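So the chains spell out like this:
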Amino acid sequence: MSSRWGILALLFTVRTALGFQFQAVGSVGDSLKTDLGLSYTELGTLIGVFFLPGLALAIPAGYVGRHMTDRLLVTLGMTTLALGGIACALAQDFFFMAAGRVLSGIGFVVVAIYMAKMVADWFAGKEIATAMAVLVMSWPFGIAMGQIGQSWVATLFGWRPTFVIAAVYCLIGAGLVFALYRPPPAVTGGPPVAAALTRREWMLILIASATWAFFNGAYVVYLSFAPRVLVQGGFGPLEAAAVISLASWVMIVSGAICGQIADRSGKSDIILYGCLAIAMIVLALLPHAGLAVPLSLAFGLIGMAPAGLIMALTGQAMAPQRRAFGMGVFFSGYFLVTTPAPAIAGWLYDLSGDPFQPILFAIALFGATILAYTAFRVAQGRRPA
């Protein structure tokens, strides 16, 4: 497979498994609370611990790229994700389940870093915002698949088969990458040579990392607790999950369109600020259950659309020869925020008994996203629009 768009299609298909594996705990949360006797804080911890390995492994994973090819690293990462899913399927208590989530998280770190690098290698200087938007939209696509399919499987067959199905998907993805992925001609001949980041690159990549982290932390909290807001408003659990999943389904299209508009217009700053303002307004209105469907659609179509614009900051922050290590730094900050975010949201829920309190936390995270993006432009020496 040598076409850059063919490579992007391959990576999108395989990376969807990451969102599908991640969503498994959220999809069967009520069953886990009943069978394993979990609190909402523990449930939120199981959701967030998926990102925990990134705190320690993101930067070392960037170094490993000096000695192994991207294809092999992604294959190994997908296999590790599958093993973590099997461990979760066999879990009998919180700690066993948490261990399985950590194992899956190790694979997630490697796959997230090197798939982003693969796309940057293939699309550097050529519609990079569009390509990154398509890649990152595989995450909500996998989550949306899980919100619908996993909840249905859990209702009919119990929660354990949901983790088995996710593990099988990850193994299939590992085989596809190993068999079909090829690097672009400009970087063939083995792993890239790493070089130290400059002082300016360190500053830019850390700010870009914070921007991506706050944005995703808000999204994860929304996925985990928005359905409970709708249940409080009168929806059934499956109905609430289906409505909230609408945002993830439409993000697949809106993210790519947003990337195209930004690439063609050069107005990425204005687009991002407007979209995030809409996201915050939508979350503030979420308790109005009668508006649940249009709010969910607006959140996906507009609020989450600028994901590719934020990921494209990585291409502006570092030189190509330092991309593997730089991506490790970028994702380390991402994991620093997304790991505790669901647990904090769950603690707010346990403390107040109000499912809207976690949503207020998500709104604050979107506000932090705006501030971090502005800081990136200032550090870059470019006045934000």
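Residues numbered from 1 in each chain as written. Predicted model: local features only at pLDDT ≥ 70, side-chain atom pairs only at ≥ 80, totals over all residues. Heavy atoms only, no water.

**Student:** Requested: an account of the overall build of the chain, with residues and values cited.
**Tutor:** Scanning the chain from terminus to terminus reveals 17 helices and 0 strands. Relative to the 2.2 N^0.38 estimate, which gives 21 Å for 385 residues, the radius of gyration of the chain is 19 Å and therefore close to what a compact globule would have. C-alpha extents for the chain along the principal axes are approximately 55 × 45 × 35 Å. For the chain, buried positions account for 57% of its 385 residues. Of the contacts made within the chain by residues no fewer than 6 positions apart, 86% connect residues no fewer than 24 positions apart. Surface accessibility of the chain: about 14000 Å² in total, with carbon and sulfur atoms responsible for 70%. Counting 20 positive and 13 negative side-chain charges, the chain places the averaged centre of each group 14 Å from the other. (Helix = DSSP H or I, 4+ residues; strand = E, 2+ residues; numbered from the N terminus. Rg over C-alpha atoms; globule rule 2.2 N^0.38 Å. Buried < 20%, exposed > 50% of the residue type's maximum accessible area, 1.4 Å probe, protein only. Contact = heavy atoms within 4.5 Å. Areas by Shrake-Rupley, 256 points an atom, 1.4 Å probe, with all protein chains shown as cover. Lys, Arg positive; Asp, Glu negative; His and termini not counted. Charge placed at Lys NZ, Arg CZ, Asp CG, Glu CD.)

**Student:** Lay out helix α12 (residues 292-303) with the relevant residues and their values.
**Tutor:** For α12, the set of buried residues is Ala292, Leu295, Ser296, Phe299, Gly300 and Gly303. Down the axis of α12, the buried side of the element spans an arc of 125 degrees, and every buried residue falls inside it. Contact partners of the buried residues in α12: α9 (199-232), α10 (237-265), α11 (268-284) and α17 (356-380). (Arc of directions from axis to C-beta.)

**Student:** Break down the environment of Thr374 for me, with residues and values.
**Tutor:** Note that Thr374 resides in helix α17. A C-alpha to C-alpha distance of 8.6 Å links Thr374 and Asp269, two positions 105 residues apart in sequence.

**Student:** Describe the pattern of salt bridges, listing the residues and the values that go with them.
**Tutor:** Going through the model one piece at a time under the given rule, you end up with 4 salt bridges. Salt-bridge contacts for Arg228 lead to Asp30; the nearest nitrogen and oxygen are separated by 3.2 Å. Taken as a pair, Arg228 in helix α9 and Asp30 in helix α2 (residues 29-36) lie far apart in primary sequence, 198 residues in all. Judged by relative accessible area, which is 41%, Asp30 ranks as partly exposed. With its nearest N and O atoms 3.0 Å apart, the salt bridge here joins Arg377 to Asp269. With a gap of 108 residues between them, Arg377 in helix α17 and Asp269 in helix α11 connect regions that are remote in the sequence. Residue Arg377 shares its accessibility class with Asp269, and that shared class is buried. One connected set of salt bridges, linked through shared partners, spans Asp70, Lys117 and Asp121. (Salt bridge = Lys/Arg side-chain N within 4 Å of Asp/Glu carboxyl O.)

**Student:** Run through helix α16 (residues 341-352), naming residues and quoting values.
**Tutor:** Relative to the 16 Å expected for 12 residues at 1.5 Å per residue, α16 spans 17 Å between its end C-alpha atoms, a close match to the ideal helical length. Within the sequence span of α16, burial applies to Ala341, Pro342, Ala343, Ala345, Gly346 and Tyr349. Next to the buried residues of α16 lie α3 (40-48), α9, α15 (323-338) and α17. One or two positions beyond α16, positive phi appears at Gly353, with a value near 70 degrees. (Expected span 1.5 Å × (residues − 1).)

**Student:** Explain the packing of helix α7 (residues 128-157) against α10 to me, using residue names and the numbers behind them.
**Tutor:** In contact at an axis separation of 8 Å, α7 and α10 are set at 170 degrees when each is read in the N-to-C sense. Relative to α10, the element α7 is oriented roughly antiparallel. Tallied by class, residues from the contact of α7 with α10 come to 19 nonpolar, 9 polar and 1 charged. (Axes fitted to C-alpha atoms, helices over the stretch in contact; angles between N-to-C directions. Parallel < 35°, antiparallel > 145°, perpendicular 65-115°, else oblique. Nonpolar A, V, L, I, M, F, W, Y, C, P; charged D, E, K, R; others polar.)

**Student:** I'd like to hear about the packing of aromatic side chains, residue by residue, with values.
**Tutor:** On inspection of all chains with the given rule, the structure shows 30 aromatic pairs. Look at Phe330 and Phe331: their rings are 5.2 Å apart centre to centre, the planes differ by 90 degrees, and that puts the pair in the edge-to-face class. Across the pair, Phe331 and Phe330 agree in class, each one buried. The ring centre of Phe178 lies 4.6 Å from the NZ or CZ of Arg71, which sits over that ring. (Phe/Tyr/Trp six-rings, centres within 6.5 Å; stacked < 30°, edge-to-face > 60°. Lys NZ or Arg CZ within 6 Å of the ring centre and 35° of its normal.)

**Student:** Break down the nonpolar core for me, citing the residues and quoting the values.
**Tutor:** Residues Met78, Phe108, Trp212, Phe299 and Phe331 are the most contacted members of the largest nonpolar core, which totals 131 residues. Ignoring sequence-local partners within four residues, the contact set of Trp212 consists of Val136, Ala307, Ile310, Met311, Phe330, Phe331 and Tyr334. (Core = buried A, V, L, I, M, F, W, Y, C linked by side-chain atoms within 4.5 Å.)

**Student:** Please provide a residue-by-residue account of the packing of helix α5 (residues 70-89) against helix α6 (residues 94-123), values included.
**Tutor:** Here α5 crosses α6 at 155 degrees, and the two axes come no closer than 7 Å. When the axes of α5 and α6 are compared, the pair comes out roughly antiparallel. Where α5 crosses over α6, the two elements pack in a sense that is left-handed. Classifying every residue of the contact of α5 with α6 by side-chain character gives 17 nonpolar, 7 polar and 5 charged. (Left-handed = near helix turned anticlockwise from the far one by under 90°.)

**Student:** Describe the side chain of Lys117, naming the residues involved and giving the relevant values.
**Tutor:** Examined against the element boundaries, Lys117 turns out to sit in helix α6. At 3.0 Å, the side chain of Lys117 forms a polar contact with the side chain of Asp70. Here Asp121 takes part through its side chain, which lies 2.7 Å from a polar atom of the side chain of Lys117. (Polar contact = N/O pair within 3.5 Å; in protein donor to acceptor, adjacent residues only side chain to side chain.)

**Student:** I'd like to hear about the state of the cysteines, residue by residue, with values.
**Tutor:** Here the structure, examined in full by the defined rule, presents 0 disulfides. Free cysteine Cys258: the closest other cysteine sulfur is in Cys275, separated by 4.8 Å. (Disulfide = S-S within 2.5 Å.)

**Student:** I'd like a rundown of a nonpolar patch on the surface, residues and numbers included.
**Tutor:** Judged by side-chain polarity, Ile86, Leu90, Phe96, Val164, Val168, Ile172, Leu176 and Leu180 come together as a nonpolar surface patch covering roughly 630 Å² of accessible area. The element that contributes the greatest number of residues to the nonpolar patch is helix α8 (residues 160-180), accounting for 5 residues. Following the sequence through the fold, Val164 ends up in helix α8. Residue classification places Val164 among the partly exposed residues on the basis of a relative accessible area of 37%. (Patch = residues over 30% accessible without salt bridge, like charges linked within 9 Å, V, L, I, M, F, W, Y side chains within 5 Å.)

**Student:** Provide a residue-level description of the environment of Ala364, including the pertinent values.
**Tutor:** Relative to the elements of secondary structure, Ala364 occurs in helix α17. By relative accessible area, which is 47% here, Ala364 ends up partly exposed. Sequence-wise, Ala364 and Ala210 are 154 residues apart; in three dimensions their C-alpha atoms are separated by 14 Å.

Geometric values such as these leave the question of function open.
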